[in-house]
Amino acid sequence: MRIPLSTYRVQITADFDLDAAAGILDYVTALGVDWLYLSPLLAAEEGSDHGYDVVDHSTVDPARGGPDGLLRLATAAREAGRGILVDIVPNHVGVATPRQNAWWWDLLAGGRGSRFAEAFDVDWAAGAGRILLPVLGDGDAELDALEIVGDELHYFDNRFPLAAGSADDGADARTVHSRQHYELVSWRRADTDLNYRRFFAVNSLAGIRVEVPWVFEESHREIVRWVRDGLLHGLRVDHPDGLADPGGYLDRLRAATGGTYVLVEKILEGDEQLPANWATSGTTGYDALGDFDRVLVDPAGEDELDALETRLQREAGRLEDADALAWEELVHADKRTIADRTLRAEVLRLARLVPEIADPADAIAELLACFPVYRSYLPVGIDRLQAAARSAVARRPELVSTIDLLLPVLGDPGHPAAVRFQQTSGMVMAKGVEDTAYYRYSRLTSLNEVGADPSEFTIDPAEFHRRQQLRQATMPGSMTTLATHDTKRGEDVRARITVLAEVPAEWASTLDSLRQAAPLGDAPFENLLWQAVIGAWPASPERLGAYAEKAAREAGTSTTWTDRNDAFETALRDLTAATTGNESVAGTITGFVDRVRHAGWSNSLAAKLVQLTTTGVPDVYQGSELWETSLVDPDNRRPVDYALRRDYLARIDDGWLPEVDESGAAKLLVTSRALRLRRDEPGRFFRYAPVPAFGARAGHVIAFDRGEAVTVATRLPLGLADAGGWEDTTIVLAGRQVVDLLTGIRFDGGSIRLADLLARYPVALLVTEDAADRREATKGGRHAR
């Protein structure tokens, strides 16, 4: 199996297709990347900008370049020595436009008699033999808009097939509708009555059953061909937690592809590890991302930021005066709300699978709310189910008898209820935490990231090293990342927000000023929003407005997607407009940004170098080799200016040592030197050992030795500056001469003063240098003693 040394994630769209990706291969190669990492390529809904709504498994999306485009890219990549990793989506398909998806169209036309009825996860009995489609507006009069057009039933722009013979007698559209294998119902019924499995709460993404052999074979035939024909070299599996049997799926994928490199988009909680029996090299890196963020957070700011969060939550009426906000309680409450509302249909479907137990829905919902990780993989994870039961009984003692009856069923790997409970618990976690609690908890929002636990405020270097050594021992081929298409905030937004932990009192005062100048009436959300503004600044009111609207509706505390508060959303637009239109607000923003900007850049460079050189396979999200100040999608899918990046890289290769400034070119320097070393001299990375620091400022550095490459990075930069700099702080290396690949400066081995090593940049990448191993990057460099 070929394992990449690094990857570069590219979002393939109609506007940036496979030929466009081929057009940046020379740049990506010069950057130091080993493999391209592509978003989904199979034919998706027309106009899809992400590709996760596959409608045809048999071909590459024509809008993204089609089969010929993939062949051209694969040929160019092979000639350049690059590999290709592709994202695949086994859990669901796109059904927003039924006519585009032949499987779904046939299901709607033929119902349970359709060949594809087995492919979809439909509870026919719950719909009285029909599949419910929540597409209608409110009121019975909506059915009056139905029309028969040829062999189709139309509802405005929505088109559906007619069952054979159902319209032959000339009946009116309402009558014909009643004869179909589907029933068009109000969109409001989706959360409570839907009888097909969907992706989270997205009605237009219908789950498929890849555990059925022919469904796997037909949905993966083209993907397997890509691997067998050498067009790509690895696969990233989207949302394996939605599958009935993730481990079995990975076994089938390994057999079908001959054991190609496979990663899984799996979110691990706390000390959770991937099941040892899974046929995968690791995760897509969310677990690593949380470590990179937290080792840069100042623990001294925790108490003051806790106090600020408590004050804001009390002001919003969400805490009693004597209470302090507990993340665990917020998570439980939000997960329970999701189980009772957004995913109520899934809970009721689970209840129907245990008819021998009276009124089990409440207990099932409580178990889902108490489940401590995304899901189990029975028998692996049975202890998590037992822990959830203990927690549920402690919270709701009156449910003990029902939970006692449920436990043997939900712990039986072969029981349909156990299978579905495992599929559902991850949905409840994702919607309750990622899409709700993350937007309601504002203490330090750089920690509110996919796969991370916001209640873990910081980790010290010793704990960071322990986690890296564990990854080296257990998942050396797992991906690491700082940004993805799913992260809530760009990596450099988070790096700047992290600085707030160094100046919590200053932030509290600044926030009070901003709230007074542009009030919303939702104190915790205002904290979250203003942190985003500071982190992403400068940003246009349009970008900030789009983020604010999505974040507010996800939080659901003052407005929601389905019940919008017009007055609040007007105030929200006024707030984002004030960032440039109100002199006082703009002045406050720029004043605080000036205070934290350089420290944020220091954190950015530290996180980048640490991520690119620690254990694992580092991924660079498109464009993030310069400052990456995007917010949640779709903001993080904006076009990348590759011409600018090419120009900067050429100038750096000609000897330019950029300043750490607005251009972000210093980050490109760090990225290119680290990636080139990883790809071109992989033999330097064969271990992970902490490098200790000595002196008054030892707590401000994180350093590690990968064998023949040493990473040194600054942490807590404001505190370092306020204390007068590095003073006598040193690190001690072996007694061989080393060179910093960023500056070209050589240092004698042994004790190295950080004041000298980090005089130009807050990070350094050191390699041993001897007569037989002079690198082009160090020619003409200076020598420091």
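For clarity, every value in this text was computed on a predicted model and none was experimentally measured. (Residues numbered from 1 in each chain as written. Predicted model: local features only at pLDDT ≥ 70, side-chain atom pairs only at ≥ 80, totals over all residues. Heavy atoms only, no water.)

Enquirer: Can you walk me through the overall build of the protein chain in this structure?
Expert: Along the backbone of the protein chain there are 27 helices and 28 strands. For 785 residues, the compact-globule estimate of 2.2 N^0.38 gives 28 Å, and the protein chain sits close to it at 27 Å. Its C-alpha atoms give the protein chain principal-axis dimensions of about 95 × 65 × 55 Å. Here the protein chain holds 785 residues, and the buried ones make up 61% of them. When the accessible area of the protein chain is evaluated, it comes to approximately 28,100 Å², of which 50% is carbon and sulfur surface. (Helix = DSSP H or I, 4+ residues; strand = E, 2+ residues; numbered from the N terminus. Rg over C-alpha atoms; globule rule 2.2 N^0.38 Å. Buried < 20%, exposed > 50% of the residue type's maximum accessible area, 1.4 Å probe, protein only. Areas by Shrake-Rupley, 256 points an atom, 1.4 Å probe, with all protein chains shown as cover.)

Enquirer: How do you make sense of the pairing of strand β13 (residues 202-207) when you look at a structure like this?
Expert: Within a regular beta strand, the side chains point alternately toward one face of the sheet and then the other, so they alternate between its two faces. Inspection of the sheet shows strand β6 (residues 92-94) paired to β13 by 3 bridges, in the antiparallel sense. By the bridge assignment, His-92 is partnered in β13 with Gly-207. Relative to β13, strand β12 (residues 198-199) runs antiparallel, the two being bridged by 2 bridges. When the bridges of β13 are listed, Phe-199 appears paired with Val-202. (Pairing = 2+ DSSP bridges.)

Enquirer: Help me out: how do you make sense of the sheet that holds strand β8 (residues 146-149) in this one?
Expert: Strand pairing in a sheet relies on backbone hydrogen bonds, with the paired strands running either antiparallel or parallel. In spatial order, the strands read β8-β9-β10; together these 3 strands make up an open sheet with antiparallel pairing. Each end of this open sheet is capped by a strand with a single partner; those strands are β8 and β10 (158-161). For this sheet the average axis-to-axis angle between neighbouring strands, irrespective of direction, equals 30 degrees. Taken together, the 4 bridges between β8 and strand β9 (residues 152-155) define a ladder with antiparallel strand orientation. Bridged to Glu-147 within β9 is His-154. Relative to β10, helix α4 (residues 102-110) is tilted by about 60 degrees, and along the sheet it contacts β9 and β10. (Axes fitted to C-alpha atoms, helices over the stretch in contact; angles between N-to-C directions. Contact = heavy atoms within 4.5 Å.)

Enquirer: Explain the nonpolar core here, please?
Expert: Here is a general trend for soluble globular proteins: nonpolar side chains tend to be buried in one another's company. Grouped together as the largest cluster of nonpolar side chains are 122 residues, with contacts concentrated most on Leu-38, Trp-104, Phe-120, Ile-131 and Trp-226. The greatest single-element share of this core, amounting to 8 residues, is contributed by helix α25 (residues 665-680). The contacts of Trp-226, once residues within four sequence positions are left out, are Leu-41, Leu-42, Val-60, Leu-70, Val-86, Leu-231 and Leu-232. Residues Val-331, Leu-410, Tyr-438 and Ala-548 belong to the second largest nonpolar core, which totals 96 residues. (Core = buried A, V, L, I, M, F, W, Y, C linked by side-chain atoms within 4.5 Å.)

Enquirer: What's the story with the pattern of salt bridges in this structure? I'm lost.
Expert: Close approach of charged atoms allows side chains with opposite charge to pair. Summed over all chains, the structure comprises 73 salt bridges. Linking Arg-311 and Asp-512 is a salt bridge whose minimum nitrogen-to-oxygen distance equals 3.4 Å. Highlighted residues: Arg-311 in helix α10 (residues 302-315) and Asp-512 in helix α19 (residues 504-517), separated in sequence by 201 residues. Given the relative accessible area of 36%, Arg-311 is considered partly exposed. (Salt bridge = Lys/Arg side-chain N within 4 Å of Asp/Glu carboxyl O.)

Enquirer: Mind showing me how you'd approach the packing of α19 against helix α23 (residues 583-613) here?
Expert: Helix packing for two helices is described by the angle between their axes and how far apart those axes are. In the contact formed by α19 and α23, the axes pass within 10 Å of each other and the chain directions differ by 165 degrees. Comparing their axes, α23 and α19 come out roughly antiparallel. Of the two elements, α19 crosses α23, and the hand of that crossing is left-handed. Listed contacts from α23 to Glu-506, Trp-507, Thr-510, Ser-513, Leu-514 and Ala-517 of α19 are Val-585, Thr-588, Ile-589, Phe-592 and Arg-595. Residues of the contact of α19 with α23, tallied by class, amount to 6 nonpolar, 3 polar and 2 charged. (Parallel < 35°, antiparallel > 145°, perpendicular 65-115°, else oblique. Left-handed = near helix turned anticlockwise from the far one by under 90°. Nonpolar A, V, L, I, M, F, W, Y, C, P; charged D, E, K, R; others polar.)

Enquirer: Sorry, what's going on with the pairing of strand β27 (residues 763-768) here?
Expert: Along β27, 6 of the 6 residues are buried, which leaves the element largely enclosed by surrounding structure. Taken together, the 5 bridges between strand β22 (residues 709-714) and β27 define a ladder with antiparallel strand orientation. Each residue of the ladder has a partner; that of Val-710, found in β27, is Leu-766. Examined bridge by bridge, strand β24 (residues 738-740) and β27 share 3 bridges and lie antiparallel to one another. Directly across from Val-738, in β27, lies its bridge partner Thr-768.

Enquirer: Looking at this structure, I do not really get the sheet that holds strand β18 (residues 617-621). What am I missing?
Expert: Spatially, 8 strands are ordered β16-β15-β14-β5-β2-β1-β18-β17 in an open sheet, and the strand pairing comes out parallel. Each of the sheet's edge strands pairs with one partner strand only, and the pair in question is β16 (282-283) and β17 (479-480). Taken together, the 2 bridges between β17 and β18 define a ladder with parallel strand orientation. Looking at the pairing, Met-479 lines up with Val-617 of β18.

These values are about where atoms sit, not about what they do.
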